[in-house]
Amino acid sequence: MEFHEKLQSLAAKEGLKGRKVTRALESFSWNITILKGQADLLKNAKAEVQENMKQVHDAALTGNLTKESVGLTRVRSQTRRGQDDKPGTSARGPSA
């Protein structure tokens, strides 16, 4: 916003006069408005992601999926091993 205060003098220094200065100021104001809106969206998205990460962390603690305990990859391997350990069967059905 400091730049906005100096914009008119900068435009004059660059040789812009009359309508061109007005258009430059309008364009700058529009761009600032868009950037503020995008910054607000990013701030809201960041807050939402942080809340989601907190929920995932809490769920991991509740389900004993923390790094100190079993761990997510171990749980997946146990599930697959449980299915693969059945004699004579695979994911496609009974083997010959």
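Above this text sits the structure in question.
Described below are features of the structure shown in this document.

About the thresholds
- Residues numbered from 1 in each chain as written.
- Predicted model: local features only at pLDDT ≥ 70, side-chain atom pairs only at ≥ 80, totals over all residues.
- Heavy atoms only, no water.
- Helix = DSSP H or I, 4+ residues; strand = E, 2+ residues; numbered from the N terminus.
- Buried < 20%, exposed > 50% of the residue type's maximum accessible area, 1.4 Å probe, protein only.
- Areas by Shrake-Rupley, 256 points an atom, 1.4 Å probe, with all protein chains shown as cover.

A look at the overall build of the protein chain
Of the regular secondary structure elements, the protein chain holds 3 helices and 2 strands. When the helices and strands of the protein chain are placed in sequence order, the string is α-α-α-β-β. In the protein chain, which comprises 96 residues, the proportion classed as buried is 8%. Accessible surface, the protein chain as shown: approximately 8800 Å² in total, 56% of it carbon and sulfur.

Some words on unusual backbone geometry
A positive phi is found at asparagine 64, a non-glycine position, where the angle reads about 55°. Within the secondary structure, asparagine 64 sits in the loop between α2 (19-62) and α3 (72-84). Classification of asparagine 64 as exposed rests on a relative accessible area of 53%.

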